[in-house]
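# Inside the fold
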Amino acid sequence: MIEFRSVTKRFPDGTVAVRDFSLVIPSRRITVLVGSSGSGKTTILRMINRMVDPTSGTIEIDGDDIAGIEPVGLRRGIGYVMQNAGLLPHRRVADNIATVPVLRGVRRKDARARALELMDTVGLDRSLAERYPSQLSGGQQQRVGVARGLAVDPNILLMDEPFGAVDPLVRAELQRELLRLQRDLDKTVVFVTHDIDEALLLGDQIVIFTTGGIVAQAGTPQEILAAPADEFVARFVGADRGKRALHVREQNGRPVVVDSEGRAAGVLVPDDAGLGARAGDGSPADGSAPGGRPEPARDGGAR
Ligand SMILES: Nc1ncnc2c1ncn2[C@@H]1O[C@H](COP(=O)(O)OP(=O)(O)O)[C@@H](O)[C@H]1O
Ligand SMILES: [Mg+2]
C-alpha cells in the first residue's frame, strides 16, 4: 500500500504542482490518476520513487516513510514506464529492456535472457530482440517500455501516459494486455492518463483531478459513474451529454460497462455494497460516500 498524507510540492520557481494531496493506493490494484495537462499527475508519480521529493507531507510505502529510504534502493522495487516509451534509440530492444538490471550489476548475459522472457510476457515476438526502437511500430515500442518497467521485477509499476502516442486500435489492445498482465503478475500499478475512458476501463480506483490539481473525486469506476461528486466530474465522465446509457457486456471474460456508443466505461466487479449490480442500470447508488476513501473492489489482501 502506498499512502500520500497531505503532500504538497512547490518547485523552486514557486509553481505549486501538488497541493495538500492525500490518497491511499491499495496494493495489487490499478489506481489511475486522470486529469488534464498540468494537474500534477506526473509530479505525484515521480514522488513515489523519489525522482521528486515533496515540499511537505509524507509518503509511505507499506507503512515506511520513503523520505528515509535511499532512492537507489527504493527504485529497486519500483518499475517506471515513461511517456512515449522513453527508449534509448541507439540500443537494441533486448538491451533497452536489460538496461536497469545491468546498471545494477546483473551480468549482461543473464539480463538479456531475462529480457527475452519479458518480451514473451508483454506479447512481443523474440525475433524483434535485435532491432532498434526506430524499427518497431509505436505499439511495439510501448510494449518494450512496459517490459523495461518490469525488468527490475518490481512490486510497484508506475506508468505515465504509456499508451498516449499510439492509434486507438493499438491502444485498445495495449489496454487489454495491461489488464491481463495485472491479473497474471499482481503488481501495484499507478497509471497516469488524461483520457477518462482509459481511466474507467483500467482503474480499480480512479482519482480525478481538476485543472488546478485538486482532487475532484476518488472512487471505483462504478462509484464515479453512479454518483459524480460535482458538475466537473459529471461533465468529465460525460454523464451530462446523454451519451452514457450504460449497459453491461462481456469482454475478455470480464463484465465491462459500455456506453450507448459501445465505448468501455468501466469493469463490473463484485462489491459488498452491491454497487456493481446497480451500475448497469444507471440508478444512483445509495449509502455510498462520493469522494470518500474507496474500498478495493476486488478480493485479495493488501501486501
Ligand atoms: N521541474 C519543474 N519546475 C517547475 N515547475 C514544474 C516542474 N515540473 C512540473 N512543473 C509544473 O507543475 C505543474 C504540474 O506538472 P505535471 O506534474 O507535469 O502535470 P501533469 O503530469 O498532470 O501534466 C505544471 O504547472 C508544470 O508546469
Ligand atoms: Mg504528465
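What you see is a predicted model; the values in this text were computed from it and never measured.

### Some remarks on the nonpolar core
I48, I97, A147 and L158 are the most contacted members of the largest nonpolar core, which has 74 residues in total. Apart from the residues within four sequence positions on either side, I48 is in contact with I2, I59, I78, I156, L158 and V190.

### Points about the sheet that holds strand β3 (residues 30-34)
Pairing in this open sheet of six strands is mixed, and the strands run β6-β7-β8-β3-β9-β10 from one edge to the other. Taken across any chain shown, the strands that pair with only one partner, and hence form the sheet edges, are β6 (78-81) and β10 (215-219). Averaged over all pairs of adjacent strands, the angle between strand axes in this sheet comes to 10°, irrespective of strand direction. Relative to strand β7 (residues 156-160), β6 runs parallel, the two sharing four bridges. Bridging from a neighbouring strand, I78 pairs with I156 of β7.

### Section: the site of ligand 1
Neighbouring residues of ligand 1: F11, D13, T15, A17, G35, S37, G38, S39, G40, K41, T42 and T43. Tallied by class, the residues present in the shell around ligand 1 amount to two nonpolar, eight polar and two charged.

### Things to note about the pairing of β7
Most of β7 is tucked away, with five of its five residues classed as buried. Residues I156, L158 and D160 line one face of β7 and the alternating positions L157 and M159 line the opposite face, and both faces are buried. Strand direction decides the pairing type here: β7 and strand β8 (residues 188-193), joined by five bridges, are parallel. What sits directly across from I156, in β8, is T188. The parallel pair β7 and β8 is bridged by helix α6 (residues 168-185), and the resulting crossover is right-handed.

### Some remarks on unusual backbone geometry
Positioned with a positive phi, R28 is a non-glycine residue whose angle comes to about 60°. Mapped onto the secondary structure, R28 falls in the loop between β2 (16-25) and β3. The exposure class of R28 is partly exposed, given the 19 C-beta atoms found within 10 Å.

### Description of helix α3 (residues 93-103)
All buried positions along α3 are accounted for by V93, A94, N96, I97, A98 and P101. Summarising the contacts, the buried residues of α3 are in contact with α4 (108-121) and α5 (138-150). Remark: G105 follows α3 within two positions and exhibits a positive phi of approximately 100°.

### Comments concerning the packing of α3 against α5
Remark: α3 packs on α5, axes separated minimally by 7 Å, with the N-to-C direction vectors making an angle of 30°. Considering the angle they form, α3 stands roughly parallel to α5. As α3 runs across α5, the sense of the crossing is right-handed. Here V93, N96, I97 and T99 of α3 come into contact with α5, specifically with V144, A147 and R148. Looking at side-chain class alone, the contact of α3 with α5 contains four nonpolar, two polar and one charged residues.

Calculation notes
The residue count restarts for each chain, going from 1 along the sequence in the order it is written. Chain letters and ligand numbers both follow the written order, the letters beginning at A and the numbers at 1. Reporting of local features is limited, given that this is a predicted model, to residues whose pLDDT is at least 70; pairs of side-chain atoms are given and counted only at 80 or more, and all residues count toward the totals for whole chains, interfaces and linings. What we call a nonpolar core is a set of buried Ala, Val, Leu, Ile, Met, Phe, Trp, Tyr and Cys residues whose membership is set by joining through C-beta atoms within 7 Å. Residues are called buried when their C-beta atom has 20 or more other C-beta atoms within 10 Å, exposed when it has 12 or fewer, and partly exposed otherwise; all C-beta atoms are positioned from the backbone. Residues are treated as contacting if the C-beta atoms built from their backbones sit within 7 Å of each other. Two strands pair under a simple rule: DSSP has to find at least two bridges between them. Under the DSSP-based scheme used, a helix requires at least four consecutive residues in state H or I and a strand at least two consecutive residues in state E, with every element numbered from the N terminus. The axes used here are C-alpha line fits, helices contributing only the stretch in contact, and every angle between their N-to-C directions lies in the interval 0 to 180 degrees. Near residues are defined by distance alone, with the backbone-placed C-beta atom required to lie within 6 Å of the molecule or strand. Gly counts as polar in this scheme, as do all residues outside two lists: the nonpolar Ala, Val, Leu, Ile, Met, Phe, Trp, Tyr, Cys and Pro, and the charged Asp, Glu, Lys and Arg. The handedness of a crossover follows from its direction of travel: if, with the strands pointing away from the viewer, the path from the first strand over the helix to the second runs clockwise, the crossover is right-handed. In this scheme, roughly parallel covers angles under 35 degrees and roughly antiparallel covers those over 145, while 65 to 115 is roughly perpendicular and the rest are oblique. Each crossing gets its hand from how the near helix is turned against the far one by less than a right angle, where anticlockwise is left-handed and clockwise is right-handed.

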